[in-house]
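What the coordinates show
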Amino acid sequence: MAVRTKGRRKIICNGNTYIWHIKLGYDDPYYWLHIMAEDKHLHVIIPIDDANYTDLPFPIPKAITPKFVSEVIQWAEALSSERKMKN
């Protein structure tokens, strides 16, 4: 099944195509950044307005830009490959 793209943005990072969008949480007051690879090898969801979220090695900006999305993708890809190397 393909990744839904209607109402979402597309970004190409490291030769792969990703779809991203921002969505309000179902049962919390936070907005969430969703990023998914078109081939579904990566799916990242992070809260973008939770000041207590510290897993990212860089600060979350007030405005989400394609540059920030690209940084998140590169960080997630590096983390994923690091985990694969450990197993």
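Criteria and cut-off values
All residue numbers refer to position in the chain's written sequence, counted from 1. In keeping with the predicted nature of the model, local features appear solely for residues at pLDDT of at least 70, side-chain atom pairs appear and are counted solely at 80 or more, and the whole-chain, interface and lining totals rest on all residues. Hydrogens and water are ignored here; the side-chain numbers use all heavy atoms of the structure. By the criteria applied, helices consist of DSSP H or I runs no shorter than four residues and strands consist of E runs no shorter than two, each listed in order from the N terminus. Accessibility here uses a 1.4 Å probe with only protein chains present; expressed as a share of the type maximum, an area under 20% marks a residue as buried, one over 50% as exposed, and anything in between as partly exposed. Note on definitions: a residue-residue contact is assigned when non-hydrogen atoms from the two residues lie within 4.5 Å. Residue exposure ignores everything except the shown protein chains as possible cover, and the areas themselves are Shrake-Rupley values with a 1.4 Å probe. Strand pairing follows a simple DSSP-based rule, namely that at least 2 bridges must link the two strands. Working convention: axes come from line fits to C-alpha atoms, limited for helices to the stretch in contact. Angles between N-to-C directions cover 0 to 180 degrees. Stacked, tilted and edge-to-face are the three classes assigned to paired rings of Phe, Tyr and Trp, where Trp is represented by its six-membered ring and a pair needs centres within 6.5 Å; plane angles under 30 degrees give stacked, over 60 edge-to-face, the rest tilted.

All right, on to the overall build of the protein chain then. Regarding its fold elements, the protein chain presents one helix and four strands. What you see in the protein chain, going N to C, is helices and strands ordered as β-β-β-β-α. In the protein chain, which comprises 87 residues, the proportion classed as buried is 31%. A sequence separation of at least 24 residues applies to 31% of the contacts in the protein chain between residues at least 6 apart. Accessible surface for the protein chain amounts to roughly 6,200 Å². Of this, 53% is attributable to carbon and sulfur atoms.

As a further point, take the pairing of strand 4 (residues 43-47). Summarising the sheet, strand 3 (residues 31-37) and strand 4 pair through five bridges and their orientation is antiparallel. Paired with Leu 33 across the two strands is Ile 46, which belongs to strand 4. If you look at the hairpin formed by strand 3 and strand 4, you'll find five residues sitting between the two strands, and Lys 40 has a positive phi there, around 65°.

Moving on, we get to the sheet that holds strand 3. Strand order in this open sheet of four strands is 1-2-3-4, and the pairing throughout is antiparallel. Strand pairing shows two members of the sheet lacking a second neighbour, strand 1 (9-13) and strand 4, which therefore form its edges. Ignoring which end each strand starts from, the neighbouring axes of this sheet average 25° apart. The pairing of strand 2 (residues 16-24) with strand 3 spans seven bridges and is antiparallel. Across the sheet, the residue bridging to Lys 23 is Trp 32, located in strand 3.

To continue, consider the packing of aromatic side chains. To describe a pair of aromatic rings, one takes the distance between the centres and the angle between the planes. Considering all chains together, one arrives at one aromatic pair under this definition. On the basis of an interplanar angle of 85° and a centroid distance of 5.8 Å, the ring pair of Phe 58 and Phe 68 is categorised as edge-to-face. Of this pair, Phe 58 sits in the loop between strand 4 and helix 1 (66-86) while Phe 68 sits in helix 1, placing them 10 residues apart in sequence.

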